[in-house]
Amino acid sequence: MTSTSGLNDDNIIFAAGEKEVDRLQLQHEIMKDAMKDLIKAPLNLSKPGLQILDQATADGPLLPNTPQNSAHTNIPSGIWLKDVAAVSPAQHEYTGTDIEPYYPVPPPAHMTFFDQSMTKPWPAHMNATFDLVHSRLALPGAGITPIKTVVTQLIDLVKPGGWIQQTEMVYNPNAVKLSFEELDTLPERVLKELNEVGGYWQFFTIWGRKED
Ligand SMILES: C[S@@+](CC[C@H](N)C(=O)[O-])C[C@H]1O[C@@H](n2cnc3c(N)ncnc32)[C@H](O)[C@@H]1O
């Protein structure tokens, strides 16, 4: 299957829907357990008023228009942004962006969510405004846009002296014996396949500071 726009603005790489939200919630819990600290960049979270962006956030327990009696109302409400807020010793301002509006409704205090593709120019007024720009398991969504363009745009959002942190997967098809096409069915099969072959997904986290 290919993206009709070629830009992944129709989000052909990552699925959309309730099962995908479930998968992302579970994945977040596994990664949190492995990483312990969600923020590895040496940001001083004790200093109040930091501006923190999570791009491709896919955050939120509720899909838009999900009935209030849906099982999703029982899903723990925080993914990355809310878990960071929960452990931060001071109050900060949090922004989440994505091309799928899986945002908490209503947004928690001090959190703002809006639609923004990483392949598109960001609003000019956001340049150099964030103390931390975070992006996790998102770059495959760049589609045909060069990764360098996407990452350069993210760095532009960082304040001088601020930090960017990125986490991505090390894709090794041999480890799980799946072809690229078979990745389509990966969400349903991942635990079974990984157990059978004794494989695992590796991921890495890098962070860097923008010069003053
Ligand atoms: C694998 S999920 C990761 C979500 C979240 N960052 C996490 O770590 O749990 C990938 C996310 O990228 C989003 N996405 C895909 N293409 C995008 C694009 N062009 N711009 C912004 N977000 C995109 C998807 O909607 C999805 O929420």
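The name that an unreviewed UniProt entry assigns to the chain is S-adenosyl-L-methionine-dependent methyltransferase, with the source organism given as Glarea lozoyensis.

## Side note on the site of the ligand
Residues in close proximity to the ligand total 21 residues, the closest being Ala 56, Ala 58, Glu 100, Arg 136 and Gly 141. Sorting elements by how many residues they give to the shell around the ligand places helix 1 (residues 18-35) first, with 3 residues. Among the residues making up the shell around the ligand, the classes are represented as 9 nonpolar, 8 polar and 4 charged.

## Quick notes on the pairing of strand 2 (residues 93-98)
The element strand 2 is largely enclosed, with a buried count of 5 among its 6 residues. In the sheet, strand 1 (residues 51-55) pairs with strand 2 via 5 bridges, with the strands oriented parallel. Within the sheet, the bridge partner assigned to Ile 52 lies in strand 2 and is Tyr 94. Judged from the 5 bridges that link them, strand 2 and strand 3 (residues 111-115) form a sheet pairing that is parallel. Residue Thr 95 lies in a different strand from strand 3, and its bridge partner there is Thr 112.

## Considerations on the nonpolar core
Core analysis: the biggest nonpolar cluster contains 29 residues, and Ile 52, Leu 81, Phe 130, Leu 132, Val 133, Leu 157 and Val 158 have the highest contact counts within it. Among the secondary structure elements, those contributing two or more residues to this core are strand 1, helix 2 (80-87), strand 3, strand 4 (130-136), helix 3 (147-156) and strand 5 (158-170). Setting aside residues no more than four positions away along its own chain, Phe 130 makes contact with Gln 51, Ile 52, Leu 53, Leu 157, Val 158, Lys 159 and Gly 162.

## Notes on the sheet that holds strand 2
Here we have 6 strands laid out as an open sheet, ordered 3-2-1-4-5-6, and mixed in their pairing. Both outer strands of the open sheet, strand 3 and strand 6 (202-209), are each paired with one neighbouring strand and no more. With strand direction ignored, the average angle separating the axes of adjacent strands in the sheet is 15°. Here strand 1 pairs with strand 4 via 4 bridges, running parallel. Bridge pairing in strand 4 links Ile 52 to Leu 132. Its contacts with the sheet put helix 3 on strand 1, strand 4 and strand 5, and the angle it makes with strand 5 is roughly 145°.

## A closer look at helix 2
Every buried residue of helix 2 is accounted for by Trp 80, Leu 81 and Val 84. Around the axis of helix 2, the buried residues are gathered within 95° of arc, so they sit on the same side.

## Focus: the confidence of the model for the chain
Residues at a pLDDT of 70 or more form 66% of the chain, whose mean pLDDT is 78. For the stretch residues 60-78, pLDDT sits under 50, and the model shows 25 contacts to residues farther than four places along the chain or on other chains.

## Quick look at unusual backbone geometry
In the Ramachandran plot, His 110 falls in the positive-phi region, its phi being about 65° despite a non-glycine side chain. Structurally, the position occupied by His 110 is in the loop between strand 2 and strand 3. A positive phi angle, near 55°, is found at Ala 128, a position not held by glycine. Take Ala 128: it is sitting in the loop between strand 3 and strand 4.

The rules behind each value
- Residues numbered from 1 in each chain as written.
- Predicted model: local features only at pLDDT ≥ 70, side-chain atom pairs only at ≥ 80, totals over all residues.
- Near = placed C-beta within 6 Å.
- Helix = DSSP H or I, 4+ residues; strand = E, 2+ residues; numbered from the N terminus.
- Nonpolar A, V, L, I, M, F, W, Y, C, P; charged D, E, K, R; others polar.
- Buried ≥ 20, exposed ≤ 12 C-beta atoms within 10 Å, placed from the backbone.
- Pairing = 2+ DSSP bridges.
- Core = buried A, V, L, I, M, F, W, Y, C linked by C-beta atoms within 7 Å.
- Contact = placed C-beta atoms within 7 Å.
- Axes fitted to C-alpha atoms, helices over the stretch in contact; angles between N-to-C directions.
- Arc of directions from axis to C-beta.
- pLDDT = per-residue confidence, 0-100.

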